[in-house]
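Inside the fold
One-letter residues, chain by chain:
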Amino acid sequence: MALLAAGALMLTAAGCGGDDGDTVSGGPPPNTVKLPNLKGQKLQVTAVWTGTEQENFTKVLKEFEKRTGAKVSFVPSGDDMAGFVGSKVAGGAPPDVAMVGQVGVMREFAQKGWAKPLGAEASAELAKNYAKGWQDLGSYEGKPYGVYFKTSNKSLLWYNTSAFDYAGAKVPKTWQEFLAQAQLISDSGTDAVAIGGQDGWTLTDWFENVYLSQAGPEKYDQLAQHKIKWTDPSVKKALETLAELWGTKGLVAGGRSGALQTAFPDSVTKAFGNKAEPDAGMVFEADFVAANVADAGAELDQDAKVFPFPAVGADAPVVTGGDVGVALKNSKAAQALLTFLASPDAGTIWAQSGGFISANKNVKFSAYPNASMRKIAQALIAAGNDFRFDMSDQAPASFGGKPAQGEWKALQDFLKNPGNVEGIQRQLEADAAKAYKN
């Protein structure tokens with residue numbers, strides 16, 4: 001974690017236009033992996049991605065088609081991947097490959113026999129290109145099942161340079177400094193932080209960063225596995241800390257009710273859609289915000305800059321996330337696609353398009369389109385096995401991965417009423433105990 005945090009601290013310098021010396025590569029991707037001839041075969045792939053993310057993933061699939069002769073169709077799953085795949089399995093027609101956003105859901109798929117273990121070629125490519133920590137996350141009962149294709153640093157805040165300049169705000173390093181700068185932006189006439197509260201997963205990311213920094217990695221691991229209860233005093237302290245932001249008038253764009261009606265992409269637009277007079281000075285989320293910044297018409301490293309999530313406790317938090325590709329059919333084509341996704345070839349394609357970070361250590365940093373993204377990628381690779389994965393994504397899907405229930409719903413209720421700390425703790429613990437069955 002120290003390595004990743006150190007790398008993250010370079011983000012501010014990168015946001016000021018620094019470079020790591022690499023030249024940006026926009027050329028063809030490398031061709032390092034041997035793939036079979038799949039002419040005449042069809043594959044269906046599902047993921048939660050829509051909009052720009054779907055377009056960029058489609059570029060990866062097109063290259064796979066070009067190299068193998070296979071035909072690949074993409075079907076969006078919606079936010080409820082477990083429900084979508086479950087219905088397709090029940091109907092006897094699951095997609096060939098699913099890009100799963102929660103490790104808990106991946107493990108459920110493996111436990112039920114829906115997901116198929118990686119074949120020899122995919123396993124070899126994975127071992128060659130990924131740190132053991134990422135390999136372990138894609139495994140179940142000692143067998144490799146998944147390839148973490150798209151990963152993310154989920155401990156970042158993106159700020160509108162015009163809003164900061166007008167307010168005289170500075171990049172904060174601690175939570176108290178962050179609250180002070182947020183108030184300064186609010187006092188200047190711009191709401192401080194846009195929150196995409198309509199999407200409950202964004203709220204889990206807020207909680208996880210505060211909790212990891214404040215309670216520490218050991219407690220984080222215990223809570224992630226439900227070895228301590230959500231009624232624990234450490235959870236109360238984290239919720240009270242979040243309430244300092246969520247419960248203060250003028251700090252949340254559109255107020256709490258407005259935040260609950262704001263989808264994640266729209267939260268980025270609030271900060272960068274009108275560069276000179278934004279609706280919010282900052283937005284919190286992972287490196288994939290870069291793609292939404294571009295969609296909003298702003299330019300990264302100029303209109304939009306980024307800094308690490310401030311330290312709430314002794315150390316700044318570093319939370320990672322990722323989408324893992326798993327085969328839902330025992331087929332040569334499905335295994336070939338996972339082999340391709342485990343190669344630096346596939347990662348390079350999306351890296352060049354932006355809004356993407358790869359845990360593949362053989363994707364060249366020069367593939368990333370700007371200094372900020374290169375620094376974020378370097379920090380992730382430098383961490384090796386030392387990172388903490390998104391807590392809600394480790395949980396059973398019914399608690400950590402479904403809209404309108406579990407942790408997503410409880411934290412939306414907390415955003416609505418940040419004064420109800422103990423009530424939300426009881427709600428979280430009841431839902432967790434049911435999901436974890438303990």
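These figures come from a predicted structure and were not determined experimentally.

1. Overview of the overall build of the protein chain
Broken down by element type, the protein chain carries 22 helices and twelve strands. For 438 residues, the compact-globule estimate of 2.2 N^0.38 gives 22 Å, and the C-alpha radius of gyration of the protein chain, at 21 Å, lies within 12% of that figure. Classification of the 438 residues of the protein chain by burial places 59% in the buried group. For the protein chain, the exposed area adds up to about 16500 Å²; of that, 49% sits on carbon and sulfur atoms.

2. Observations regarding the nonpolar core
Within the largest apolar cluster, 92 residues are counted, with the highest numbers of intra-cluster contacts made by Phe57, Phe64, Phe109, Trp134, Trp158, Phe272 and Leu341. Considering each element in turn, this core owes the most residues, seven residues, to helix 16 (residues 332-341). Beyond its immediate sequence surroundings of up to four residues, phenylalanine 57 is in contact with Val45, Trp49, Phe74, Met99, Phe149, Leu341 and Trp350. Within the second largest apolar cluster, 53 residues are counted, among which are Trp175, Tyr220, Trp230 and Trp246.

3. Notes on the environment of serine 392
Its location among the elements puts serine 392 in helix 19 (residues 391-394). When neighbours within four sequence positions are excluded, serine 392 is seen to be in contact with Thr204, Glu208, Gly400 and Glu407. Reaching out from serine 392, the side chain makes a polar contact with the side chain of threonine 204 at a distance of 3.3 Å.

4. Brief notes about the layout of surface pockets
What the largest pocket holds in volume is close to 800 Å³. Taken together, 33 residues make up the lining of the largest pocket; nearest its centre are Val48, Trp49, Glu53, Asp79 and Trp201. Sorting the residues of the lining of the largest pocket by element identifies helix 3 (51-68), strand 6 (146-153), helix 10 (200-215), helix 14 (264-272), helix 15 (289-295), strand 11 (319-327) and helix 19 as the ones contributing at least two each. A breakdown of the residues in the lining of the largest pocket according to their chemical character gives ten nonpolar, 14 polar and nine charged. What lines the second largest pocket is a set of 19 residues, and nearest its centre among them are Gly104, Glu108, Gln111, Ala395 and Pro396. For the lining of the second largest pocket, the leading source of residues is helix 5 (residues 103-112), giving six residues. For the lining of the second largest pocket, the residue count by class is ten nonpolar, five polar and four charged.

Analysis parameters
Residues numbered from 1 in each chain as written. Predicted model: local features only at pLDDT ≥ 70, side-chain atom pairs only at ≥ 80, totals over all residues. Heavy atoms only, no water. Helix = DSSP H or I, 4+ residues; strand = E, 2+ residues; numbered from the N terminus. Rg over C-alpha atoms; globule rule 2.2 N^0.38 Å. Buried < 20%, exposed > 50% of the residue type's maximum accessible area, 1.4 Å probe, protein only. Areas by Shrake-Rupley, 256 points an atom, 1.4 Å probe, with all protein chains shown as cover. Core = buried A, V, L, I, M, F, W, Y, C linked by side-chain atoms within 4.5 Å. Contact = heavy atoms within 4.5 Å. Polar contact = N/O pair within 3.5 Å; in protein donor to acceptor, adjacent residues only side chain to side chain. 1 Å grid on protein atoms, 1.4 Å probe; cavity = no way out; pocket = protein on both sides within 12 Å on 5 of 7 lines; lining within 4 Å. Points joined across faces, edges and corners; volume = space filled by probe spheres on them. Nonpolar A, V, L, I, M, F, W, Y, C, P; charged D, E, K, R; others polar.

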